[in-house]
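Residues per chain, in single letters:
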There are 2 protein chains.
Amino acid sequence: MRADARDNRTRILGAAEEVFGRAPSASTDDVAKLAGVGIATVFRHFPTKVELLEAVLTLRLERLRNRAVRLADETDPGSAFFGFFSQVVSEATSKLAIADALSASGSAVGQDARNAGTGLREAFGNLLARAQHSGDVRADAEFPEVYALLIGASRGATAVGLEPAVRDRMLALLYDGLRPGRTT
Amino acid sequence: MRADARDNRTRILGAAEEVFGRAPSASTDDVAKLAGVGIATVFRHFPTKVELLEAVLTLRLERLRNRAVRLADETDPGSAFFGFFSQVVSEATSKLAIADALSASGSAVGQDARNAGTGLREAFGNLLARAQHSGDVRADAEFPEVYALLIGASRGATAVGLEPAVRDRMLALLYDGLRPGRTT
């Protein structure tokens, strides 16, 4: 891909993320306008809206994964884990809007987004393991239920349309359950 | 309504709950078959699929509310609260299927279902207040975040398609965060 084509692709993806994150029913035309390119350029890179949505979702998942990978180098595994958890939940609304737009289009999530999702789960699992090793998260919590809490908190915050203050108090309750020192 | 018409209505609603809870895209014809009535009888009671879905959702919400009201008489407010929470989450999959079918039909949730939802929230708030008063739930947890946890756990369990054992472990983590004796 030539440099200017790559620039256009990046610009289109950035615009699509913003436009669809706000209103999943937005049109490809809205994306072209915000990106400052012609509609023909958008279609050259992404022949259908589904392909564009898919690319945006993949980009989001990969970005979260990369953040989780970087956080695995932090010296404090506890704040790396809880900080990442909070970030995922607070960004959930626009990510879920994109995922819902995809499923509303009747299209199954494609291979790229599935791979990105797997990468994210692995990176999150690594953050969890480190926080358990350092004693910041209870050792008896297993990955599937912690991951379910992450998904649940994200979906709950989105469904109810929580204000940030309520979301933070919800997460505080949840984190207390994840910390060690309490027996069930 | 005559007694046999009322019987038919009850039978149709029961069948619709089962059919749509399993497959939201099911047809009114499937409902008629399971209810053992003719399709004309279904349409006489519920002229559109949306009206039928709406009635099923309202019925579910009212039933949950009634259960919460009954549980408010239990002698152990802690097990009433946590037991109700678990029940809502474990039944969430089919209830959400019905709610999603309604929103996929492009129809906003109508007044009956909204009223039933308000009644459920009030009854749940009452169970929470009693469990806080008895010291089974921490006093500093406020209703909005506890309700967000209930919605989140329900949606998380449904989205991930959790096995019952993982769901129970997820709830155990969550309940530990709701119990008193831990400071944030």
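With an unreviewed UniProt entry as reference, chain A is termed TetR/AcrR family transcriptional regulator, source organism Kribbella alba.

All names here are of chain A. Split by domain assignment, chain A resolves into domain 1 (1-47) and domain 2 (49-178). Computed from C-alpha atoms alone, the centre-to-centre distance between domain 1 and domain 2 is 25 Å. Taken together, the contact pairs 14 residues of domain 1 with 13 residues of domain 2. The tally of links between domain 1 and domain 2 comes to 2 salt bridges. Residue Arg-63 pairs with Glu-17 through a salt bridge whose shortest N-O separation is 2.9 Å. The interface formed by domain 1 and domain 2 contains 4 residue pairs in polar contact (both at pLDDT 80 or more).

Further remarks concern the side chain of Asn-8 of chain B. Position of Asn-8 of chain B relative to the elements: it lies in helix H1 (residues 3-22). Not counting residues within four places of it along the chain, the set of residues in contact with Asn-8 of chain B comprises Val-37, Thr-41 and His-45 of chain B.

The next thing to look at is the UniProt feature "DNA-binding region" (unreviewed entry) in chain A. Under the UniProt annotation, the feature "DNA-binding region" (unreviewed entry) is placed at residues 27-46 of chain A. Within the segment residues 27-46 of chain A, helix and strand shares are 75% and 0% respectively, and the terminal C-alpha atoms sit 13 Å apart.

Rules used throughout
Residues numbered from 1 in each chain as written. Chains lettered and ligands numbered in written order. Predicted model: local features only at pLDDT ≥ 70, side-chain atom pairs only at ≥ 80, totals over all residues. Heavy atoms only, no water. Domains from an automatic or database assignment. Contact = heavy atoms within 4.5 Å. Salt bridge = Lys/Arg side-chain N within 4 Å of Asp/Glu carboxyl O. Polar contact = N/O pair within 3.5 Å; in protein donor to acceptor, adjacent residues only side chain to side chain. Helix = DSSP H or I, 4+ residues; strand = E, 2+ residues; numbered from the N terminus. UniProt positions renumbered as here; feature names shortened; annotations may be inferred.

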